[in-house]
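Inside the fold
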Amino acid sequence: MSFLETFEERSFFKQTTHPEELKKRVESGRICAYIGFDPTADSLHVGHLIPLMGLAHLQRDGQRVIALMGGGTAMIGDPSGKTEMRKMLTEKQLEDNVKKIKPQMERFLDFSGDSELINNSEWLRNLNYIDFLRDIGRHFSVNRMLSFETYKVRLETGLSFLEFNYQLLQAYDFLELRRRYGCVLQMGGSDQWGNIVTGTELIRRMDGGTAFAITSPLIQKADGSKFGKTEAGNVWLDPKKTSPYKFYQYWINSSDEDAKTYIKIFTLKSKEEIEKIIKEHDVNPSLRVLQKE
């Protein structure tokens, strides 16, 4: 089973560009794909498990994966899903955050081969602003950018010019990764659709090349509350920030409906194993077999 079939089976798919062309590209040989992570904190949280599992499935399928740390883009801050501007972090803070996040990623991904963890500060920190505007900025339509949900929401509360540049930089990341590593696929949450598609278009305009986008649906709990959040805040992967007991309680207290979604996304169990566990759970839900798995 290819990772595309795995994504379909496990509900990782929300949208994709050129699905038939992507399928042929995957069938014809190995590809390189990436997901970006902005190191705005010194730990990942459970929301990051969705893209991490996506990369893990890709790697298990024999593909080359890149986990891109946004040491450059995080100095601006992604306005997606935010009602106000993110807190500004120093370069030193971002470097420290990357160092702490890497070991967490290594529990899911193997960076010993040609799959890599790369920091986009490598090419973003020394950009010449005038050259960037002339070479890259001219390919962006302000009218089109403002049509994306990310910017429409923020225009109501106030969007800084600094944040307005984020989409350009994310698109430029995709262009750089394609040129440097032959990366042809970018993945992310559905709130990143506009940013990712803009990257595929920039590659087409600048290099005449083909690139693809896949987004996964944002998980919403059955009761309508936000996944990964508790009254105390984020559920972190760092045991110093969220204790193992509280981490366990977060999953064990999930509803049966949510657990049936989570077991497909957050485990590597086969379809047959999952179906068997669900049947066992349904015999006596009070035992919380699904949640424990």
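My aim in this report is to walk through the structure given alongside it, one point at a time. Here the residue numbering is sequential within each chain, running from 1 through the sequence in written order. Local features are withheld for residues below a pLDDT of 70 in this predicted model, meaning they are given only at 70 or higher, and side-chain atom pairs are given and counted only at 80 or more; totals for whole chains, interfaces and linings count all residues. Heavy atoms throughout the structure, all of them, feed into the side-chain values; hydrogens and water do not.

Some points on the side chain of Thr17
Selection rule: Numbering of helices and strands starts at the N terminus; helices are DSSP runs of H or I of at least 4 residues and strands are runs of E of at least 2. Between buried and exposed lies partly exposed: a residue is buried under 20% and exposed over 50% of the maximum accessible area for its type, with that area taken using a 1.4 Å probe on protein chains only. Under the rule applied, a polar contact is a pair of N or O atoms within 3.5 Å (in protein, one hydrogen donor and one hydrogen acceptor; residues adjacent in sequence only if both atoms are side-chain atoms). Whether two residues are in contact is decided by their heavy atoms, any of which lying within 4.5 Å being enough.
Mapped onto the elements, Thr17 comes out in the loop between strand 1 (15-16) and helix 2 (19-28). We classify Thr17 as buried; its relative accessible area is 10%. Only 2.9 Å separates the side chain of Thr17 from the backbone nitrogen of Ala213, close enough to count as a polar contact. Residues contacting Thr17, with those up to four places away along its chain left out, are Leu22, Trp193, Val197, Ala211, Phe212 and Ala213.

A short note on helix 11 (residues 193-207)
Here is the rule: By definition here, a helix of n residues has an expected span of 1.5 Å times n minus one.
With 15 residues, helix 11 extends 21 Å from end C-alpha to end C-alpha; this agrees with the ideal 21 Å at 1.5 Å per step. The set of residues buried in helix 11 consists of Gly194, Asn195, Ile196, Val197, Thr198, Gly199, Thr200, Glu201, Leu202 and Ile203. Close packing links the buried residues of helix 11 with helix 7 (142-147), helix 10 (166-181), strand 5 (185-189) and strand 6 (212-216). Directly beyond the C-terminal end of helix 11, a positive phi value near 65 degrees is found at Gly208.

Some words on the environment of Arg205
Its location among the elements puts Arg205 in helix 11. The spacing of Arg205 and Ser11 is 194 residues in sequence and 32 Å in space, taken between C-alpha atoms.

Focus on the nonpolar core
What counts, and what does not: Here, the term nonpolar core denotes a set of buried Ala, Val, Leu, Ile, Met, Phe, Trp, Tyr and Cys residues that are joined through side-chain atoms within 4.5 Å.
By size, the foremost hydrophobic cluster in this structure holds 40 residues, and its most contacted members are Phe3, Leu55, Met105, Phe227 and Phe266. Here this core gets seven residues from one element, more than from any other, and that element is helix 3 (residues 49-60). The next biggest cluster of nonpolar side chains, apart from the first, holds 27 residues, and it includes Cys32, Trp123, Phe164 and Ala171.

With respect to the pattern of salt bridges
Applicable threshold: Within this document, salt bridges are pairs made up of a side-chain nitrogen of Lys or Arg and a carboxyl oxygen of Asp or Glu, the two lying within 4 Å of each other.
Overall, the coordinates contain twelve salt bridges when judged by the stated rule. Where salt bridges share partners, they join Asp42, Lys100 and Lys241 into one cluster.

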